[in-house]
Amino acid sequence: MAAKHVRPLLTAMLFLLGLFASMSAQTSFMMRGVAEDDTGAIIPRAEVTLKDSRNAEIAHTTANDMGEFVFSSLVAGEYLVQVQAQGFKPAQAKMAAGAGAPQLQHIRMKVAAVSQEITVKAGDPVSMDGNMTSVEVNHDLLKSLPVRDDNPLADASAFLDPAANGVEGTKIVVDGVESSDLDVPSSSVKSVAVNRNPYSAEFGRPGKGRIEVVTRPGSMTRVHHHLIMTFRNSALDAKNAFASTQPDMSRSFWESDMNGPLFGHRGTFYFGGDYLNDDQNAVIQAVTPAGTQSQSLTTPERSGRALARMDFQLNQLHNLSLRYNFNLDKADNRGIGAFDLAERAYNLDNQRQEFRVTETALFSVNFSNELRFAYKQRDNTTTPLSSAPAQIVLGAFRGGGAQLSQDENEQILELQNLATLVRGKHTLRFGGTAKRHSVDLTDLSNSGGTFTYSSLAAFSANQPFLFTINRGNPDAEFAQGEYSYFFQDEMHLRPNLTVLVGVRHELQQYLQDYNNIAPRAGVSYSPGKGWVLRAGGGIFYDRRPWTMGQRALLFDANHLQSLLLENPTFPISPAEILSARPSTYTIAPDLLAPYQIQASAGVDKQIDNKNSISIEYTMLRGLKLFRLRDINAPLPGTGVRPDANLAKNDQFESTGSSRSNSVSFTYRTAIANRIELLSQYTYSRSYDNTSGMFYLPADNFNLAPEWGRSDFDRRHRLNLAGIVQLPYSFKFGTITSVSSGIPFNITTGVDTNLDGVANDRPAGMTRNTGNGPMYSDVDIRLSRRFVVGGQREHGTRYIELRIDAFNALNQVNATNYVGVLTSPFFGRANAAAAARQLQLSMKASF
């Protein structure tokens, strides 16, 4: 690491460690407690109120992620402690402070009725976290709802707004640290939340563009064990709409965890893991000169994840959490299906590991500090099954080798410090993050070359219109630093009025754009009778992905050359390859960080204890979005490139824009403590002029026709999550999603403007004018718990049997609608999402 990159990170680390070492607190007597459920598992973020012997409130605090809370500067005596937490009945207990008081005192809370599992909003109804458009799926709820592919993010993801995503998609935040995906076992997930405090300055993305995940620490009371076994087989499934036969398929998924106390109940441990053995299938539906090909091929996957976590108390003020997780994934026959023939397959071998340290200091009732350090390492290898040149026939088939071959090693260092200070009506939260991402890459992709044909007739006549091949040094190293800091004040000005103001500043190495100051604001007001009015707005800056800098580095003068030859012969001769002109990738010198402006206004209405409704309007405006543009494209009318020694010069630019408007209606209800329902309908319109940083326009000199419906634009979206308590202790759960179709692009299949890309559109036609069909998916779960050992209420020893049906109505959800005019599939799809699948599972707790 160069000294100029190390110095900011070391400075931040020394400053934060110095700040931590300089803080101290002296108390007369201290009371320390922990909130737990009936099983002894901790309850994080519970609201705790301390009252004296006359029932007068003395102090209020929020428990940390370990369920622990502290009250300091107390005189000796007995106090009343009251606790509230989402999904649990309020509890209270008498606790003592003084020389003879226990070091750690426990408060047990009972699980609330089913009507509170989704809908309950603990605490202040006008708090910034209390917006009814937010969705939280806790650990208990995950046991009741069908979870597709055992991914705990799947249910919550249905309530995201794709317009709020950043350059790299939905932002996943695991225990406060950003991740590219969920690298921990699903059994370790405590809760998953979407759109919590949408304008928080702590995060870079809006609430509907991020998923917050909290993992489970261990129990403070006794050792718990869980084992989950899940099985699926094609004998129970429906046939894919595009498959000619029903191939054999089996899937088994195993989960297990163990957790309990450590160091004489001064700490806890958690260890969990899972293993997947999945023999799925891909369906090929293509047209070759030999006729239609319809084939199903096995795409096996083997993966395992493990997580070890220890949380313990260093002293009365400081808690330390250590976490290590390890993932190993092996997937064969990737990249096949739809137009991609079996010969295009490649294998993936991925290994990921992460070590994390979190130190939490509760200096007083009103001040806490959390220091986080994370180190991540990822090794990814892509190996093609064939090295033959690729042959791409637009809208018909893709054959030959995959031409994907990479060996990539990533290392990520991240340091965060977050502090919370409560002063009267103000809750101040402030902190900063320093992150370094380094990559060591060997990329042999397209070293065998790729031929592209405009139609089946051109393929039969051996007349490709384009040939590309990579030559040169495939090794490259790249590192990038990112820094951010924020300050936020949530002001509880009156019992019915809360105001949030905050600001965030993003800085990034190699991006000469330092004025990325992002203000945030929100207001929540209750005029009474269950009404809450909410409004907010803010700016959200995105980052330049490391893949952009890596691509520009990999194709510079010292590494690879992407050679391009128009109208080559087939087979191609070595002399022709030598005559090809090189292409390159560059980054515009005036590149800026893209950003979104979001504003929203809405109203929540708590009709009664079991019914609530929310209506919200949201506006999103994206500016300076990333796109590619060939700045050496042939000049209009001449067909001649400005630089005759160079073919394509694809330049990354920040010249894109987007606009989205949506209205969402959220309704929650519970009926007779037996039925609970969360439903959300959204009407939206999303337009933009870029599909991402690797998107090339049809005409590099005229970008106006690129403005059109966003790739993800669905005018109508309805999502529903429901739980029904059935007779004989059976439980029914469902996740249902219905939406209108997304658009697709219509192209001629011919490279009329000779820019080396066959994405030309018919005259007068703009981007994404085609419209796909509606989408409908109903997933259901039926479960029954059998208590073992005679313990009847919330017993910790039980066996639970489940049956899941994914796409239970066997709806044909077509994908990959083809918009190439020369394709025999034009205007039709040649792929579909999975047909109905049945899954059996059993969970044992002991």
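Notes on the structure follow. (Residues numbered from 1 in each chain as written. Predicted model: local features only at pLDDT ≥ 70, side-chain atom pairs only at ≥ 80, totals over all residues. Heavy atoms only, no water.)

Looking at the nonpolar core
What tends to happen in soluble globular proteins is that the nonpolar side chains get buried as a cluster.
Here comes step 1: Ranked by internal contacts, the top residues of the largest apolar core, which has 32 residues, are Ala286, Val393, Leu394, Phe397, Phe467, Ile572 and Ile577.
Here comes step 2: Put simply, the parts of the chain that give this core at least two residues each are strand S15 (267-288), strand S20 (390-393), strand S24 (450-453), strand S25 (466-472) and strand S30 (560-566).
Here comes step 3: It is S15 that provides the largest number of residues to this core, a total of 4 residues.
Here comes step 4: Counting 22 residues, the second-largest nonpolar core is a separate cluster that includes Met31, Ala46, Val81 and Ala97. (Core = buried A, V, L, I, M, F, W, Y, C linked by side-chain atoms within 4.5 Å. Buried < 20%, exposed > 50% of the residue type's maximum accessible area, 1.4 Å probe, protein only. Helix = DSSP H or I, 4+ residues; strand = E, 2+ residues; numbered from the N terminus.)

Observations concerning a negative patch on the surface
Here comes step 1: Together, Asp407, Asp440, Asp475 and Glu477 give the surface a local cluster of negative charge.
Here comes step 2: Considering the arrangement of structural elements, one finds Asp475 in strand S26 (residues 475-494).
Here comes step 3: When its relative accessible area of 39% is taken as the criterion, Asp475 is described as partly exposed. (Patch = residues over 30% accessible without salt bridge, like charges linked within 9 Å, V, L, I, M, F, W, Y side chains within 5 Å. Areas by Shrake-Rupley, 256 points an atom, 1.4 Å probe, with all protein chains shown as cover. Salt bridge = Lys/Arg side-chain N within 4 Å of Asp/Glu carboxyl O. Lys, Arg positive; Asp, Glu negative; His and termini not counted. Charge placed at Lys NZ, Arg CZ, Asp CG, Glu CD.)

Concerning the side chain of Asp257
Here comes step 1: With respect to the element layout, Asp257 can be found in strand S14 (residues 250-262).
Here comes step 2: A polar contact is formed between the side chain of Asp257 and the side chain of His226, at a distance of 2.8 Å.
Here comes step 3: In terms of polar contacts, Asp257 uses its side chain to reach the side chain of Tyr270, at 3.1 Å.
Here comes step 4: Look past the residues within four positions of Asp257 in its chain and what remains in contact with it is Ser187, Arg216, His224, His225, His226, Tyr270, Phe271 and Gly272. (Polar contact = N/O pair within 3.5 Å; in protein donor to acceptor, adjacent residues only side chain to side chain. Contact = heavy atoms within 4.5 Å.)

A short note on the pairing of strand S7 (residues 105-109)
Here comes step 1: Along S7, the buried face is formed by Gln105, Ile107 and Met109; none of His106 and Arg108, which line the opposite face, is buried.
Here comes step 2: Across 5 bridges, strand S1 (residues 29-37) lies against S7 in parallel orientation. What sits directly across from Gly33, in S7, is Gln105. (Pairing = 2+ DSSP bridges.)

Topic: the sheet that holds S1
Here comes step 1: One open sheet accounts for 3 strands, arranged S4-S1-S7; its pairing is mixed. Every interior strand has two partners, whereas the edge strands, strand S4 (68-74) and S7, have only one. Here the strands of the sheet are splayed against their neighbours by 25° on average, with no regard to which way each runs. (Axes fitted to C-alpha atoms, helices over the stretch in contact; angles between N-to-C directions.)

Re the sheet that holds strand S6 (residues 91-97)
Here comes step 1: The antiparallel open sheet is built from 4 strands, whose spatial order is S3-S2-S5-S6. Each end of this open sheet is capped by a strand with a single partner; those strands are strand S3 (57-62) and S6. Neighbour-to-neighbour, the strand axes of this sheet turn through a mean angle of 25°, independent of strand direction.
Here comes step 2: When strand S2 (residues 47-51) meets strand S5 (residues 77-84), the two strands line up antiparallel, connected through 5 bridges.

A word on the environment of Thr468
Here comes step 1: Position of Thr468 among the secondary structure elements: in strand S25.
Here comes step 2: With relative accessibility at 18%, the residue Thr468 sits in the buried group.
Here comes step 3: As for Thr468 and Arg627, which are separated by 159 residues in sequence, their C-alpha atoms are 21 Å apart.
Here comes step 4: For Thr468, the residues in contact, after removing those within four places along its chain, are Asn446, Gly449, Thr450, Leu563 and Leu564.
Here comes step 5: A distance of 3.3 Å separates a polar atom in the side chain of Thr468 from a polar atom in the side chain of Asn446.

Section: unusual backbone geometry
Here comes step 1: Cis geometry marks the peptide bond from Phe570 to Pro571; its omega dihedral reads 0°.
Here comes step 2: Mapped onto the elements, Pro571 comes out in the loop between S30 and helix H6 (574-579).
Here comes step 3: Its identity is not glycine, yet Asn333 carries a phi of approximately 55°, on the positive side.
Here comes step 4: Its location among the elements puts Asn333 in strand S17 (residues 318-334).
Here comes step 5: Judged by its relative accessible area of 22%, Asn333 is partly exposed.

As for the environment of Tyr79
Here comes step 1: By secondary structure assignment, the location of Tyr79 is in strand S5.
Here comes step 2: According to the relative accessible area criterion, Tyr79 is buried, its value standing at 8%.
Here comes step 3: C-alpha separation for the pair Tyr79 and Asp52, spaced 27 residues apart in sequence, amounts to 5.1 Å.
Here comes step 4: Sequence-distant contacts of Tyr79, that is, excluding residues within four places in its chain, are made with Met31, Leu50, Lys51, Asp52, Ile58, Leu74, Ala93, Lys94, Met95 and Ala97.

Worth remembering: the numbers are spatial, not functional.
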